[in-house]
Amino acid sequence: MSGSTPEQPAPGRPALSDDGRGPARTLADGVRLPTTVRWLLAKVVGAVFVLWAVATLIFFGIRLIPGDPAEAILGGPGSQASPEALEQVRRDYGLDQPLLVQYFTQLGRLVQGDLGDSYSLRMPVAELLGNQLPGTLLLSALALLVAWLLALGLAGWSTLNGKAAAVVASGLEIAAAAVPHFWLASILILLFSNTLGWLPPVSTNSADGLVLPVLALALPLAGFLGQVMRESMLNAMTSPFALSARARGEGETGVLFRHALRHAALPGIALSGWAFGSLLSGAVVVESIFARPGLGRTLLNAVTLRDIPLVTGVALVSALAYVVVMAASDVAERAADPRLRAA
Amino acid sequence: MSFPFRTPRRAVVSAAGAVAAVVLLAGCSAGGTGSEENAGEPVSGGNLVYATGDAEPTCLDPHVGGNYPQALAASQYLEPLVSKNDDGEIIPWLAGEWQESEDGLTWTFTLREGVQFTDGTPLNAEAVKANIAHVQDPETASSTGYLALQKIESAEAVDDLTLKLNLKAPDSALLESFSMPWVAIQSPKALERSQEENCAAPVGTGPFIVEDWVKQDSITMVRNENYNSPPADAAHEGPAYLESITWKFIPESATRYAALQAGEVHVIDNAQPDTIAAAENNDVIKHLDAPRPGASNRLELNTSKAPFNDPLVREAFVRAVNVNDGVSSLFFGTAERSYSPLSSVEPLGYSDESLFGYDPAEANRLLDEAGWTERDAEGYRVKDGERLSLEFPVSTNQSIPAEQSLFEQLQATAKEAGFEIKLNLLDLSSWYGALAENDYNLVSAPYTKVGPDVLRILFHSDSTVPAPSGYFANLSQVKLDELDELLTKGSETSDPADRAALYEEAQKIVLEGYYILPLYDQQNHFLYRSEVSGLRALPTVSTPAFYDVWLNS
């Protein structure tokens, strides 16, 4: 990741523009940086720090768990590795080096953008991630979208339909949020594949192959988002601006769509970064159950096999995706809420 | 379960014979294949989808490392020198004949004529020699194959098709070793490639060819159109019926079964007891039970430390746990109780049911006798202030859910006699770690190998010496000179009757010493759709063979 060139502000630019940029500041050396660039720089520095921390934690963390990667590389249980084979593997993978040497060697490679080769799949990690990432991103993005629609839909419906609807919605949300992914995924397969025969149990990137895994990921998230969204929506509907809108003759549905929706969306947007993180972790379970290739399944196999380069690679890519989505949700939040721009 | 094809056919060794047979069979489209179960003519063509629940191999060349997932896949594209028939006799495969010298130190193998690897390289003595060198080369990092061929000192090509092996010591298990997929024969030309390349697409003589491997998704195998080397007990000759196989990785048991029901896949492995029970009510789905050879699934009692260094406590434990009720309630009749250190498919297995009856009164008496007379507040027995406590690390990769539940039931029944069992569910690497640190009193570890020589690996005192990784196969840590001698002698005795007597004696010692508690065979269940005909498991390591399989539309 390279730092961005500081952008020179045009002379005479207003101190506070409506595109969300704050007033220009002066750095110690006199170079003036617009707030957006400063914000971006801070994000980049933060991201680099997060990535370093992730790489370091994974490197030492995976060694705290007992087990010998060399043994795992040779295929585990049925294959009682011979001493010669183990030594060979240790030499090949540099596992005979002192721990700190291994750590700095790995860090040095990572800085150069070299993620190394996977122990278990014997392929460059970058290539593996390149193959697995799109599927997981597609799954997560669709799940996020579906979760949003479900949450907003339920919040809107319950807001317009009074107390009983609110109780029903709240019950559904709590139930959905509490359901573990593996249970939900199994139930969906049992119902839609085994019993009804409508949808395939093994996921592909075709439309019908995506329905079940997307639902398995989206429902718990929708439950969670729904709880926060419904509350903000209810607050907005009873606020003075809603009252004045009604006074101007606006119907309930109009108030909801024109005024309350934006308020309901705010906590949802703020939570989307977190939600995306939870989707990536949910993908570990969902991809395994639906036999779907992807980052989550890669991670699960890699951890089991103590495949350090691959675990590190998946963790770094996930951390990076998380940082990017957090930044994007920051931007979206500023766009949706004018109050934040002046801050 | 009986298979449609049981008539062994002697391999046609001469090239002319093989060609003639191929032509004949191609002409009359396998008129001779029996039709006991799967009525109908074999149909050529079609793609079979196989879904495996085993781990995805890290390398498709089973010389490298050498585990069961590799054996499953490799059985479709690589072939070993010999095979085994349903009666447990060694039969020809790539080798047509073999001869052991009087002193047992020299073996001569005559290879089948006219066989080619799928890259066009001919199968000859030099090729087999290159394979032995490949397995023995530390660079290959072979473990299973390496151990199997450990006694081979040198190999020489006497002529094109005759290979002579010189051994360090007589090896009565040599043919059994050569029947395993972990030492199957690959093209010497292909072996010269880098390990990465060879791992991605090994080249053999098998009925299918590895065409593509999409990691974490599937392996695609296509038919070898020039195939002419089926084992002596195959049901037909010439190329396979199936045009291709899609080998899918579906780790989740319920998903595999759902995919099978939906018709997305034709065959699944690692079928769990509940699924097998469910499939019994399904007309479209059939069951193939093929226990693995080698050792039975057993609990090993660590005799290297208290409390199992005391034989009385070992017997008390065996008497205190109710295995049979657990097995029948948790496995839905899919697993049969074993009373032997060896798998029921091993002809030399020896059983003694009388040693393993559930008898709580006897367990209590034995524990009293062993000095564990007091009980603490929680009901566990205590001696010299120490609780009668057993560490039991369980590998979640190796113990299926039903087995984990069985261990919980054993825990409950053992408590009545005053044993505390500490079940510790671990992933594979952590489990290895616990064993390496001798941090266990009980453990269950599978071991697949063809033939009774597996007893030497599991119970010879040499196997208590850890490899540099810390792993050792003799997990009961039995060290008995008498047993060592029997096992060494057994591994060097080729006379069938003498060999059987030696191994029976050895198994008696293992069982009567209460070093192990046998549970059942290593479970290996396949479910397949009724349109799949001709499916069988190879009698060697029980991997499915798709050579004789066809799909009825």
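This section reports on the structure supplied with the text. (Residues numbered from 1 in each chain as written. Chains lettered and ligands numbered in written order. Predicted model: local features only at pLDDT ≥ 70, side-chain atom pairs only at ≥ 80, totals over all residues. Heavy atoms only, no water.)

Observations concerning the overall build of chain B
Put simply, the test is: Secondary structure elements follow DSSP: runs of H or I no shorter than four residues count as helices, runs of E no shorter than two count as strands, and numbering proceeds from the N terminus. To get the radius of gyration, use the C-alpha atoms; to get the globule rule, take the number of residues to the power 0.38 and multiply by 2.2 Å. Think of it in three bands: residues with accessible area under 20% of the maximum for their type are buried, residues over 50% are exposed, and the middle band is partly exposed, with areas taken using a 1.4 Å probe on protein chains only. Each accessible area is a Shrake-Rupley result for a 1.4 Å probe, and residues are judged covered by the shown protein chains and nothing else. Note that His is not counted, nor are the chain ends; the positive residues are Lys and Arg, and the negative ones are Asp and Glu. Every charge is mapped to an atom, namely NZ of Lys, CZ of Arg, CG of Asp or CD of Glu.
Regarding its fold elements, chain B presents 17 helices and 25 strands. Compactness check: chain B gives a C-alpha radius of gyration of 24 Å against a globular reference of 24 Å for 553 residues, within 12% of the reference. The principal-axis extent of the C-alpha atoms belonging to chain B is close to 80 × 55 × 40 Å. Burial analysis of chain B (553 residues in total) assigns 61% to the buried set. Accessible surface computed for chain B: about 19700 Å², of which carbon and sulfur atoms make up 47%. In chain B, 37 positive and 82 negative side-chain charges are present, and the distance between their average locations comes to 2 Å.

Topic: the packing of aromatic side chains
Residues and elements named next belong to chain A. Formally: In this scheme Phe, Tyr and Trp rings, the latter by its six-membered ring, pair at centre separations within 6.5 Å, and the angle between planes marks the pair as stacked below 30 degrees, edge-to-face above 60, and tilted otherwise.
Tallied over the full model, the rule gives 19 aromatic pairs over all chains. Geometrically, the ring pair formed by F49 and W52 is tilted, given 5.9 Å between the ring centres and 45 degrees between the ring planes. Of the two residues, F49 and W52 are both situated in helix 1 (residues 35-64); the distance of three residues between them amounts to about one turn of the helix. What makes F49 exposed here is its relative accessible area of 52%. When its relative accessible area of 42% is taken as the criterion, W52 is described as partly exposed.

Concerning the pattern of salt bridges
Here the idea is simple: oppositely charged side chains can pair when their charged atoms come close. Residue and element names in this part refer to chain B. The condition is simple: We count a salt bridge whenever a side-chain nitrogen from Lys or Arg sits within 4 Å of a carboxyl oxygen from Asp or Glu.
Inspection of every chain in the model, using the stated rule, returns 19 salt bridges over all chains. Here D233 and R536 are joined by a salt bridge, their closest N and O atoms 2.7 Å apart. Of the two residues, D233 is situated in the loop between strand 9 (218-223) and strand 10 (244-249) and R536 in strand 23 (residues 536-537); the sequence distance between them amounts to 303 residues. Exposure class is identical for D233 and R536. Each is buried. Between D376 and R387 there is a salt bridge; the shortest N-O distance is 2.8 Å. A residue pair is termed long-range when its members are at least 10 positions apart, and D376 in the loop between strand 14 (374-375) and strand 15 (381-383) and R387 in strand 16 (residues 386-387) qualify at 11 residues. For D376, a relative accessible area of 23% corresponds to the partly exposed category. A residue is classified by how much of its surface remains accessible, and R387, at 26% relative accessible area, is partly exposed. What emerges from the salt-bridge pattern is a single network uniting D376, E378, R387 and E420.

Some words on the environment of A402 of chain B
As for its position among the elements, A402 of chain B is in helix 13 (residues 401-417). In this structure, the C-alpha to C-alpha distance between A402 of chain B and L330 of chain B, residues 72 residues apart in sequence, is 5.8 Å.

Here we look at the nonpolar core
Residue and element names in this part refer to chain B. Which entries qualify depends on this criterion: Throughout, nonpolar core names a set of buried Ala, Val, Leu, Ile, Met, Phe, Trp, Tyr and Cys residues whose side chains join them through atoms within 4.5 Å. Contacts are residue-level and defined by heavy atoms, with any inter-residue pair within 4.5 Å sufficient.
Among the nonpolar cores identified, the biggest contains 72 residues, and L48, L81, L165, F178, W247 and F546 are the most heavily contacted of them. Element by element, the count of residues in this core is highest for helix 2 (residues 68-77), at six residues. In contact with L81, not counting residues within four places along its chain, are P92, W93, L94, A95, F109, L111, V128, F178 and I185. Membership of the second largest hydrophobic core comes to 61 residues, among which are F392, I421, L442 and L483.

What to know about the side chain of S218 of chain B
Counting through the fold element by element, S218 of chain B comes out in strand 9. Apart from residues no more than four positions distant in its own chain, S218 of chain B is found in contact with D212, W213, T246, W247, K248 and F249 of chain B.

Some points on helix 5 (residues 125-160) of chain A
Residue and element names in this part refer to chain A. Which entries qualify depends on this criterion: Multiplying one less than the number of residues by 1.5 Å gives the expected span of a helix. To get the bend at a given residue, fit one axis to the seven residues ending there, fit another to the seven starting there, and take the angle between those axes.
Its 36 residues give helix 5 an end-to-end C-alpha distance of 51 Å, which sits within 8% of 52 Å, the value for a rise of 1.5 Å per residue. Helix geometry: helix 5 is bent most strongly at Q132, by close to 30 degrees, with proline P134 lying one to four residues after it. Of the residues trailing helix 5, G162 is marked for its positive phi of about 80 degrees.

A word on a nonpolar patch on the surface
All names here are of chain A. Condition: Only residues whose relative accessible area exceeds 30% and that take part in no salt bridge are eligible for patches, with like-charged residues grouped when within 9 Å of each other and nonpolar side chains (Val, Leu, Ile, Met, Phe, Trp, Tyr) grouped when within 5 Å.
A grouping of F182, W183, I187 and L190 is seen on the molecular surface, where their side chains present a nonpolar patch of about 410 Å² in accessible area. Position of L190 relative to the elements: it lies in helix 7 (residues 181-195). When its relative accessible area of 48% is taken as the criterion, L190 is described as partly exposed.

Here's the deal with the state of the cysteines
All names here are of chain B. For clarity, the threshold we go by: The rule for a disulfide is simple: a pair of cysteine sulfur atoms within 2.5 Å.
Within this structure, the stated rule accounts for one disulfide over all chains. Residue C59 pairs covalently with C199 via a disulfide, S to S 2.1 Å. Disulfide C59-C199: torsion about the S-S bond near -85 degrees, hence left-handed. With a gap of 140 residues between them, C59 in the loop between strand 1 (47-52) and helix 2 and C199 in helix 7 (residues 195-200) connect regions that are remote in the sequence. Residue C59 is classed as buried on the basis of its relative accessible area, which comes to 0%.

Regarding the interface of chain B and chain A
Often, the extent of an interface is quoted as the loss of accessible area upon association of its parts. Operational definition: We define buried area as the total accessible area lost by two parts upon association, computed with a 1.4 Å probe and summed across both. Polar contact is defined as a pair of N or O atoms within 3.5 Å, subject to the rule that within protein one atom must be able to donate a hydrogen and the other to accept it, and that residues adjacent in sequence are counted only when both atoms are side-chain atoms. Residues are grouped as follows: nonpolar covers Ala, Val, Leu, Ile, Met, Phe, Trp, Tyr, Cys and Pro; charged covers Asp, Glu, Lys and Arg; every other residue, Gly included, is treated as polar.
Listed by partner, the interface residues are 45 residues for chain B and 48 residues for chain A. Both sides together, the interface formed by chain B and chain A hides about 3800 Å², and carbon and sulfur atoms give 57% of it. Ranking the residues of chain B by area buried against chain A places T58, K215 and Q216 of chain B at the top, with a combined share of 18%. Remark: the boundary between chain B and chain A carries zero salt bridges. Seen at the junction of chain B and chain A, the total is four residue pairs in polar contact (both at pLDDT 80 or more). Broken down by secondary-structure element, the contributors of at least two residues to the side of chain B that touches chain A are helix 4 (144-148), helix 7, strand 10, helix 8 (253-261) and helix 14 (428-436) of chain B. Sort the elements by how many residues they give to the side of chain B that touches chain A and helix 14 of chain B lands first, with five residues. Per-class residue counts for the side of chain B that touches chain A are 20 nonpolar, 17 polar and eight charged.

Section: the sheet that holds strand 13 (residues 297-301) of chain B
Residue and element names in this part refer to chain B. Keep this limit in mind: When DSSP finds at least two bridges between two strands, those strands are taken to pair. Where helices are involved, their axes are fitted lines through C-alpha atoms of the stretch in contact, as for all axes, and angles between N-to-C directions lie from 0 to 180°.
Pairing in this open sheet of three strands is antiparallel, and the strands run 19-13-20 from one edge to the other. Edge positions in the sheet fall to strand 19 (442-444) and strand 20 (516-520), since each of these pairs with one other strand and no more. Taking each pair of neighbouring strands and ignoring which way they run, the sheet shows an average axis angle of 20 degrees. Sheet topology places strand 13 next to strand 20; four bridges connect them, and they run antiparallel. From the neighbouring strand, R298 faces strand 20, where its bridge partner is P518.

A look at the sheet that holds strand 5 (residues 106-111) of chain B
Across a sheet, paired strands are connected by hydrogen bonds in the backbone, their directions being either parallel or antiparallel. Residue and element names in this part refer to chain B. In spatial order, the strands read 4-5-7-6; together these four strands make up an open sheet with antiparallel pairing. Both edges of this open sheet fall to strand 4 (95-100) and strand 6 (152-159), since each of them pairs with a single strand only. Direction aside, neighbouring strands of the sheet carry axes that sit 20 degrees apart on average. Alignment of strand 4 against strand 5, held across five bridges, turns out to be antiparallel. By the bridge assignment for strand 5, A95 is matched with L111. In this fold helix 3 (residues 125-136) packs onto strand 5, strand 6 and strand 7 (162-167), with an angle of close to 165 degrees to the strand it touches most, strand 6.

Overview of empty space enclosed by the protein
All names here are of chain B. Rules: Of the two site types, the cavity is a set of points on a 1 Å grid over the protein atoms alone where a 1.4 Å probe fits but cannot get out, and the pocket is an open set with protein on both sides within 12 Å along at least five of seven lines, each lined by residues with an atom within 4 Å of a point. Grid points are joined across faces, edges and corners, and a volume is the space filled by probe spheres set on the points.
Enumeration according to the criterion identifies six cavities of 30 Å³ or more in this entry. Here the largest cavity defines a volume of roughly 100 Å³. Forming the walls of the largest cavity are 15 residues, and the residues nearest its centre are S75, W93, P207, A545 and Y547. Looking at the lining of the largest cavity, its residues break down into 10 nonpolar, two polar and three charged.

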